[in-house]
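# Close look at the chain arrangement
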Amino acid sequence: MKITIIAEVGLMHEGSVGNALRLIDTVADVGADAVKFQTHLAEFETLPNAPSPPYFKSESRVAYFTRTAFNEAQWKELKAHAESKGLSFLSSAFSIEAVDLLDRVGVAAYKVPSGEVTNVPYLERIAKTQRPIYLSSGMSSWAELDRAVEICRKNGSPVTLFQCTSLYPCPDEKVGLNVIAEMRARYKLPVGLSDHTFANYATFAAVAQGATCIEKHLTLSRRLYGSDAAHSLEPAEFADLVKGVRSISRMMDAPVNKDDLAAVGEMKTIFEKSIVSLSDIPAGAVFTEAMLGCRKPGGGIPAARWHEVMGNKARRAIPAGRALGEDDIDWRNS
């Protein structure tokens, strides 16, 4: 099963196209499938007095979004660079106007951030583009998700849902791995995980439970300024996430037959044990536990047949320290 891995770089570029290009290069280097930015148009998104989130109060929302915004030509440059690196180019739109901008740029898919799930006119606009939609669920109840999914479906947009918890960082006990299966059963749609934990364990567990898509924040360094750097993965950590997801995916795609794995072979012969003579055994002697033991290697009469051998007689004289063969035994009592 192909697991799509999205590296969320958000506003980690700090408004620099050069930084954004470097982030795209890094996403390609760590082996992700897609790079995802955030598209904020401050005047269409927020009032000047809107509060900042608790984890980032260094500047106002308006100032931050205005300072880090790109124009349409710059977005097109970033998209072209991402595609030249073999990456899908995604962005979260935070207003209807941002949806229109990204539609002109030609994003491969939209990410609906958690705070927009209840924004009906926004959802209707984004769904009408009929581009694929990644729908986050971090702030939503089941009823709110029901309505959002219905809006997207009505307009024919392919939808992937993300189980997500809007805590930064998200503690283990709030990840909600159980919701992945609940979403899949409720909506009959692909379901992934937008992982806000500090480690990769939640991602690995989600993939093992059938998640088809993973989103995780990526930064060049957690010491960088900005709203997301402190709770993002650095490149080496993200590369390990990709390696782990690919490995788990191969495991999931390769069911094994337990009997086939247990078939007789070199390892089985080396490590299992045969029934052997502990002392010289004369012909006609009845086998007792004092005469026999179990020793490596396998390949003789296996130790599993211990009780089958006991009580029978030696067909011929058997020297000490030899694995018993079928012809050494008179099988009358078996």
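Our subject is the structure listed above.
Overview of the structure. (Residues numbered from 1 in each chain as written. Predicted model: local features only at pLDDT ≥ 70, side-chain atom pairs only at ≥ 80, totals over all residues. Heavy atoms only, no water.)

Let us now look at the side chain of asparagine 200. By secondary structure assignment, the location of asparagine 200 is in the loop between β7 (191–195) and α9 (201–208). On the basis of relative accessible area, asparagine 200 is assigned to the buried category, the value being 9%. Polar side-chain contacts of asparagine 200 include one of 3.3 Å to the backbone oxygen of glutamate 237. The contacts of asparagine 200, once residues within four sequence positions are left out, are Lys216, Leu233, Glu237, Asp240 and Leu241. (Helix = DSSP H or I, 4+ residues; strand = E, 2+ residues; numbered from the N terminus. Buried < 20%, exposed > 50% of the residue type's maximum accessible area, 1.4 Å probe, protein only. Polar contact = N/O pair within 3.5 Å; in protein donor to acceptor, adjacent residues only side chain to side chain. Contact = heavy atoms within 4.5 Å.)

Turning to the pairing of strand β6 (residues 159–164), a few remarks are in order. In terms of burial, β6 is largely enclosed, as six of its six residues are buried. Every second residue of β6 is oriented toward a common face, with Val159, Leu161 and Gln163 on one face and Thr160, Phe162 and Cys164 on the other, all of them buried. Crossover strand β5 (residues 133–136) to β6 through helix α7 (residues 142–154) is right-handed. Alignment of β6 against β7, held across four bridges, turns out to be parallel. In the strand pairing of β7, cysteine 164 is matched with serine 194. Assessed by its sense of winding, the connection that carries the chain from β6 through helix α8 (residues 178–187) to β7 is right-handed. (Right-handed = clockwise from strand over helix to strand, strands pointing away. Pairing = 2+ DSSP bridges.)

With that out of the way, let us pick up the packing of helix α4 (residues 72–84) against helix α5 (residues 96–105). Taken N-terminus to C-terminus, the directions of α4 and α5 make an angle of 50 degrees; their axes are 9 Å apart at the nearest point. Considering their axes alone, α4 and α5 lie oblique with respect to each other. With respect to the hand of their crossing, α4 and α5 are arranged in right-handed fashion. Contacts between α4 and α5 involve Glu72, Trp75, Lys76 and Lys79 on the former and, on the latter, Leu101, Arg104 and Val105. Tallied by class, the residues present in the contact of α4 with α5 amount to three nonpolar, no polar and four charged. (Axes fitted to C-alpha atoms, helices over the stretch in contact; angles between N-to-C directions. Parallel < 35°, antiparallel > 145°, perpendicular 65-115°, else oblique. Left-handed = near helix turned anticlockwise from the far one by under 90°. Nonpolar A, V, L, I, M, F, W, Y, C, P; charged D, E, K, R; others polar.)

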